[in-house]
Amino acid sequence: MNILVINAGSSSLKYQLLNPETGDLLAKGLCERIGIDGKFTYKPQVDGKAGRNAEDVPMPTHAEAIQTVMDALVDPANGVIASMKEIDAVGHRVVHGGEAFHESVLINDEVLKTVEDCVPLAPLHNPANLTGIRACQKVMPGVPMAAVFDTAFHQTMPSKAYFYALPYEYYENDKVRRYGFHGTSHKYVAGRAAVMLNKKPEELKLISCHLGNGSSVTAIDGGKSVDTSMGFTPLAGLPMGTRSGDLDAGILQYLMKKYNLNIDEMLNILNKKSGVEGVSGVSSDFRDLSDAYDKGNQRAGLALDIFCYNVKKFIGAYAAAMGGVDAIIFTAGIGENSAKQRMDIASGLEYMGVKMDAEANNVRGKEAVISAPDSRVKVLLIPTNEELMIAMDTANLVKK
Ligand code: ADP
């Protein structure tokens, strides 16, 4: 079975063709500058096939982008399938499913209408995701398609976890609540953790730390998300590459008055100029921060400290929320690659049964137990694979 996974942005589109049963990747790539001049990248994962790197291809709309992907996949010389018939279904990443979607769904007109209704909750992302779906429907008529939502996994949170202590009508009338994001990643690594620990998901209390450019921590009890650090938007929770994470809303009034900023300018600062980049003045990239700190840059060290301290606080909070924890998972760019940050975050948690193993932690990018053999709480490194999770969900829906 082959599933095409599409992640459509407003002027870009990432794609992967993979087999969800074996996990084999056949090809991946990206269309950029859609509606501008069009750049196409194609990376076949089959021996002897040539790729293409940021080639000029006119793509006035997403439909031409999808058509370009299709032509490359079935190309007689460098394609990886003989015809479009070998694509069993398409899985689309959709950012926001609001309260309407608590799992992935097959796309029909009603689903599209409901995703449209969620646009006010994700005004930048959902319209682009919808454009990607409609373009695919045009180029691949009759091929089943599924929508896989970043928010869906978190719909199991209890109301005490998703409610903000605001006047009730803002929830009732305006749907202001915690939604949480990175759900596809948290769900994927939680599933892998159960396999690694040889347990059923229902038996496990997990804390999953997705630490990348955007970062979030999720408490997963019995296979279900029960709390997560991102909120109504992905700005909440941990300090990130350039996002502030949680802060006192009173700061907005203070700074906006003092510097005569409007709300869009203020939010731009919180989203794009804050986080570890804002604190360090160096970079949003943790490799640059570590290098700068090694050379004596104290602000880079402070930014790293703030980040690790906040992840540690969420781990403590979520262990309390679940009444214990069996395993802590590290994933995404920083979680998968940075032994130093993993050690900083998980050390000092011995009181709650976490004992790291420095040697086992000296690993990157592959599944590993990085806690000591006698650690009551296991610490796991699990590379995330959101595309595979989307393909697996899509395949399950199609098989039904
Ligand atoms: P995104 O949220 O864009 O998918 P990623 O999951 O790719 O982000 O994570 C990007 C982050 O991972 C960057 O901050 C980068 O510095 C960090 N990262 C990647 N490789 C390493 C590494 N070897 N050591 C430390 N951090 C790394």
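Reference entry: report on the structure contained in this document.

Criteria and cut-off values
- Residues numbered from 1 in each chain as written.
- Predicted model: local features only at pLDDT ≥ 70, side-chain atom pairs only at ≥ 80, totals over all residues.
- Heavy atoms only, no water.
- Phe/Tyr/Trp six-rings, centres within 6.5 Å; stacked < 30°, edge-to-face > 60°.
- Buried < 20%, exposed > 50% of the residue type's maximum accessible area, 1.4 Å probe, protein only.
- Helix = DSSP H or I, 4+ residues; strand = E, 2+ residues; numbered from the N terminus.
- Axes fitted to C-alpha atoms, helices over the stretch in contact; angles between N-to-C directions.
- Parallel < 35°, antiparallel > 145°, perpendicular 65-115°, else oblique.
- Left-handed = near helix turned anticlockwise from the far one by under 90°.
- Contact = heavy atoms within 4.5 Å.
- Nonpolar A, V, L, I, M, F, W, Y, C, P; charged D, E, K, R; others polar.
- 1 Å grid on protein atoms, 1.4 Å probe; cavity = no way out; pocket = protein on both sides within 12 Å on 5 of 7 lines; lining within 4 Å.
- Points joined across faces, edges and corners; volume = space filled by probe spheres on them.
- Polar contact = N/O pair within 3.5 Å; in protein donor to acceptor, adjacent residues only side chain to side chain.
- Pairing = 2+ DSSP bridges.
- Near = heavy atom within 4 Å.
- Areas by Shrake-Rupley, 256 points an atom, 1.4 Å probe, with all protein chains shown as cover.

### Here we look at the packing of aromatic side chains
- Under the defined criterion, the tally for this structure stands at eleven aromatic pairs.
- With a centroid separation of 6.1 Å and 70° between ring planes, the pair formed by Tyr168 and Tyr171 is classed as edge-to-face.
- Looking at Tyr168, the relative accessible area reads 45%, which means it is partly exposed.
- Residue classification places Tyr171 among the buried residues on the basis of a relative accessible area of 13%.
- For the ring pair Phe286 and Phe307, a centre distance of 4.7 Å and an interplane angle of 70° mean the geometry is edge-to-face. With Phe286 in helix H10 (residues 286–294) and Phe307 in helix H11 (residues 298–322), this residue pair connects regions lying 21 residues apart in the sequence. The pair formed by Phe286 and Phe307 is uniform in burial state, with each residue classed as buried.
- Ring pairs connect the aromatic residues Tyr162, Phe163, Tyr168 and Tyr171, which therefore count as one cluster.

### Focus: the packing of helix H1 (residues 62–74) against helix H3 (residues 126–139)
- It is at 8 Å that the axes of H1 and H3 come closest, and there the two elements cross at 55°. What the angle tells us is that H1 and H3 run oblique. Regarding H1 and H3, the two cross each other, and that crossing is right-handed. Contact residues: H1 offers His62, Ala63, Ile66 and Gln67, while H3 offers Thr131, Gly132, Ala135, Cys136, Lys138 and Val139.
- Broken down by class, the residue content of the contact of H1 with H3 amounts to five nonpolar, four polar and one charged.

### Observations regarding the layout of surface pockets
- The computed volume of the second largest pocket comes to approximately 550 Å³.
- Tyr164, Thr233, Leu235, Ala236 and Ala249 are the residues nearest the centre of the second largest pocket, which is lined by 22 residues in total.
- Secondary structure elements with two or more residues in the lining of the second largest pocket: strand E11 (224–228), helix H8 (263–272) and H11.
- Among the elements that line the lining of the second largest pocket, the one with the most residues is H8, at three residues.
- Looking at side-chain class alone, the lining of the second largest pocket contains 14 nonpolar, five polar and three charged residues.

### Topic: the side chain of Asn2
- Turning to its location among the elements, Asn2 is positioned in the segment before strand E1 (3–8).
- A residue is classified by how much of its surface remains accessible, and Asn2, at 13% relative accessible area, is buried.
- Looking at Asn2, its side chain comes within polar contact range of the main-chain oxygen of Glu86, at 3.0 Å.
- In this structure, Asn2 is in contact with Leu17, Leu18, Asn19, Leu26, Ile81, Glu86, Ile87, Asp88 and Ala89, ignoring residues within four places of it in sequence.

### Comments concerning the sheet that holds strand E9 (residues 205–211)
- Here we have six strands laid out as an open sheet, ordered E11-E10-E9-E12-E14-E13, and mixed in their pairing. The open sheet has two free edges, formed respectively by E11 and strand E13 (368–369), since each of these has just one partner strand.
- Summarising the sheet, strand E12 (residues 327–331) and strand E14 (residues 378–381) pair through four bridges and their orientation is parallel. What sits directly across from Ile329, in E14, is Leu380.

### Describing the side chain of His182
- For His182, the location among the structural elements is in the loop between helix H5 (169–172) and helix H6 (183–197).
- Of the residues examined, His182 reaches a relative accessible area of 13% and is grouped as buried.
- A distance of 2.8 Å separates a polar atom in the side chain of His182 from a polar atom in the side chain of Ser216.
- The residues contacting His182, other than those within four sequence positions of it, are Asp150, His154, His210, Gly214, Ser215, Ser216 and Met230.

### Details of the packing of H11 against helix H13 (residues 339–346)
- It is at 8 Å that the axes of H11 and H13 come closest, and there the two elements cross at 50°. The angle between H11 and H13 falls in the class oblique. In this structure, the crossing between H11 and H13 has a hand that is right-handed. Mapping the contact onto sequence places Leu304, Cys308, Val311, Lys312 and Ile315 in H11 and Gln341, Asp344 and Ile345 in H13.
- By residue class, the composition of the contact of H11 with H13 is five nonpolar, one polar and two charged.

### Remarks on the site of the ligand
- Taken together, 13 residues surround the ligand, and among them Asn213, Asp285, Phe286, Gly333 and Asn337 come closest.
- At 3.1 Å, a backbone N or O of Asn213 approaches an oxygen atom of the ligand.
- One of the backbone N or O atoms of Phe286 is found 2.8 Å from an oxygen atom in the ligand.
- Protein coverage of the free-state accessible area of the ligand, which is 570 Å², stands at 70%.
- At the level of secondary structure, the elements contributing two or more residues to the shell around the ligand comprise H10 and helix H12 (332–337).

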